Amino acid sequence: MGLYDREFGAILHDAGGSVVNIMSPKYGGAGDGTTIDDTAFLAACADMSTSESKPDVLRLEPGRTYKFNNVALDRPLWIDARGAIVSKSTSTVGHMFRSLDGAASFIGIIGGDWRCNKAGFSSGATVSIFHLVRVDDLVMVGPISFSSGIEEGLKLYNVKRIFGDLVTFDDFANDGLQCFTQSSSADGYTGSTTRAPGDVELVQLSRVRCLNISDGSAGEGQGVAFSAASGAGIIKNVFVTDIYAKNCNRSVWFENNLSSQQAKNIHVKGVTLEDVITYGIGFVGVDRGTIDDYIVIQSSSAAAGSTTGEQALIVISGSTAVPSRDITIGQGTLVGASSGTTDYGIKVLQTSGLTFLGTAEISQCAVDVGSNAWNTVSDVRLHGSDPVCHAEQSTAQATTTGTWTAIKWGSRVFDPHTWNSSEQIKPHYPGRYRVTAADSWPTNAVGSRGLRLYHYNGVPNVIAESLVPPSTDNNTSLMAIGVAAIDPTSSEYFYAERYQNSGGDLTISPLKRVHVSVEWIGGTT
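What counts and how
- Residues numbered from 1 in each chain as written.
- Predicted model: local features only at pLDDT ≥ 70, side-chain atom pairs only at ≥ 80, totals over all residues.
- Heavy atoms only, no water.
- Helix = DSSP H or I, 4+ residues; strand = E, 2+ residues; numbered from the N terminus.
- Buried < 20%, exposed > 50% of the residue type's maximum accessible area, 1.4 Å probe, protein only.
- Contact = heavy atoms within 4.5 Å.
- Areas by Shrake-Rupley, 256 points an atom, 1.4 Å probe, with all protein chains shown as cover.
- Core = buried A, V, L, I, M, F, W, Y, C linked by side-chain atoms within 4.5 Å.
- Pairing = 2+ DSSP bridges.
- Arc of directions from axis to C-beta.
- 1 Å grid on protein atoms, 1.4 Å probe; cavity = no way out; pocket = protein on both sides within 12 Å on 5 of 7 lines; lining within 4 Å.
- Points joined across faces, edges and corners; volume = space filled by probe spheres on them.
- Nonpolar A, V, L, I, M, F, W, Y, C, P; charged D, E, K, R; others polar.
- Salt bridge = Lys/Arg side-chain N within 4 Å of Asp/Glu carboxyl O.

**Quick look at the overall build of the chain**
Counting its secondary structure elements, the chain contains 2 helices and 43 strands. Per-residue burial over the chain gives 57% buried out of 525 residues. Sequence-distant contacts in the chain: of pairs separated by 6 or more residues, those separated by 24 or more amount to 74%. When the accessible surface of the chain is totalled, it reaches about 19200 Å², and 47% of it is carbon and sulfur.

The following block contains the structure:
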């Protein structure tokens, strides 16, 4: 099956078999960009070995343009297309290359500029460059370019192991790479064997580019997509690293929320996504996964083309029956659209076990972390993300006698996530918070002094109060400590009020003794 290094990120090739040139007079390849070379390709394949240990190589000469219509691959082989253009004929709807129902155990692709001629087919036509069903191994050794398709670039059903390095997908309506587990009744399960579809056991993709992948209505269009049909096996052990995507509806997407079919052990690292249309990275129905070292940016122009009614840069989700479990989000940067159309930096629902490891720098999103169904999320953990705000009063403030007056927090002593908004402290992470405030009054022997802490969730709720008589010979100091759970999706926040009834206005000068701290202490709402 060729040689490849299963250490993540390194793919080697050494075919070991014979090299067969399609341009040999025996096969009659044209390579002129006009003649359909299906017959020549099949004639060359007929002379190739069926050995799985050392597949032969079918050579497409560099500097030539080959046109193919519908080629059936029935044996293990390498296709060496370095320096060649390989184009789909528009004479017939269908896949340029197919291996049905495990007819070929191994497919290796080396280089090439592969084009699916999107303009030559009507929307909804079933056309891809490769449709592979139950192939044991697919190996792609780049640089390889797949481009211009009305459907998918690679349509892979139950391909057991997938390895790819230096691969570009550009201008597809559905998906660049579609990795699905399908039932035995799906398209393509009509070949020589009838064994069960099986799992996707290992995927290693590195240095992948996904560009301009969308159907134009923000419904379809994933750069790389992984999903499972009912009863058709699971997807597991996926490692995607060093991926760049621009102008994709969804850039990296896993959706496996069917009973007993969660995707397992999914890892995405080293991600740069620009001009995200609706969603950047999605883990839907994933059991054990990590997202780390990411930059996701949504431009106003891309978001404006969305018809979904929602945009989020990262989505962690599932279903009632199949929630996502044990997901870790590491350090990265999320930037929403400047027009304010980005609903969520990180949207989370139907998830059990979510760890934030490091700091997610989030800006220009209506909600940094949250959802419209946060009650479906449990066991949230924050490590190293500094979920705390400490602020002080920085200007003199007058307090009217007999009136509870909000304290304005001006100086941000420590506020890494910009929670402080004058009177309001608005945490970005859902969960339980400890709120601690201290106030200090000048000497005045008349009346009493008070300090209250509030959690606002549509109505103000007092979570702590301190009321004391004033000091006759020194400043009067008060402290209040309260705990409350907060859901930032519902525009909830904390604030503090002070009180005095001395009979006249009192002014509190800025002092370091007048401060507030809001600290995440765990859990969910």
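Once you've had a look at it, read on.
**Examining the nonpolar core**
Formed by 118 residues in total, the largest nonpolar core has its most connected members in Phe-41, Trp-114, Phe-130, Met-140 and Phe-146. Other than its neighbours up to four places away in sequence, Phe-130 contacts Leu-73, Ile-79, Phe-97, Ile-109, Trp-114, Phe-146, Gly-153, Leu-154 and Lys-155. In this structure, Trp-78, Phe-106, Ile-110 and Val-139 belong to the second largest nonpolar core, which totals 8 residues.

**Description of unusual backbone geometry**
Between Gly-142 and the following residue, Pro-143, the backbone shows a cis peptide bond with an omega angle of 10°. Relative to the assigned elements, Pro-143 resides in strand β12 (residues 137-149).

**Digging into the sheet that holds strand β8 (residues 97-99)**
Spatial ordering of the open sheet is given by β5-β8-β11-β13-β15-β17-β19-β21-β23-β26-β29, a layout of 11 strands whose pairing is parallel. Only two strands of the sheet have a single neighbouring strand rather than two, namely β5 (71-72) and β29 (367-370). Here 5 bridges tie strand β21 (residues 279-284) to strand β23 (residues 312-317), and the two strands are oriented parallel to one another. If you follow Tyr-279 over to β23, its bridge partner there is Ala-312.

**Thoughts on helix α1 (residues 38-46)**
Residues spaced three or four apart along an α-helix face the same direction, because each turn holds 3.6 residues. Within α1 the residues assigned to the buried category are Asp-38, Ala-40, Phe-41, Ala-44 and Cys-45. Projection of α1 onto a plane perpendicular to its axis shows the buried side chains occupying an angular sector of 170°, all on one side. Of the exposed residues in α1, those oriented more than 90 degrees away from the buried face are Thr-39 and Ala-46.

**Describing empty space enclosed by the protein**
Scanning the model with the defined rule gives 1 cavity of 30 Å³ or more in all. Roughly 40 Å³ of internal volume is contained in the largest cavity. Lining the largest cavity, in full, are Trp-409, Ile-425, Val-435, Leu-453, Phe-494, Tyr-495, Ala-496 and Val-516. Among the elements that take part in the lining of the largest cavity, strand β41 (residues 493-500) stands out by supplying 3 residues, more than any other. Of the residues contributing to the lining of the largest cavity, the split by class is 8 nonpolar, no polar and no charged.

**Concerning the pattern of salt bridges**
Under the counting rule described, the total for this entry stands at 24 salt bridges. Lys-408 is the partner of Glu-423 in a salt bridge, and the nearest nitrogen-oxygen pair spans 2.7 Å. With Glu-423 in the loop between β35 (420-421) and β36 (424-425) and Lys-408 in the loop between β33 (405-406) and β34 (411-414), this pair connects stretches of sequence that are 15 residues apart. The partly exposed category is assigned to Glu-423, whose relative accessible area is 29%. A network of salt bridges, in which partner residues are shared, links Lys-264, Asp-287, Arg-288 and Arg-325.

**Thoughts on the environment of Gly-63**
Tracing the chain through its elements places Gly-63 in the loop between β3 (56-59) and β4 (65-68). Overall, the relative accessible area of 73% leaves Gly-63 in the exposed class. Through-space distance from the C-alpha of Gly-63 to that of Gly-31 is 9.0 Å; in sequence the pair is 32 residues apart. In this structure, Gly-63 is in contact with Gly-83 and Ala-84, ignoring residues within four places of it in sequence.

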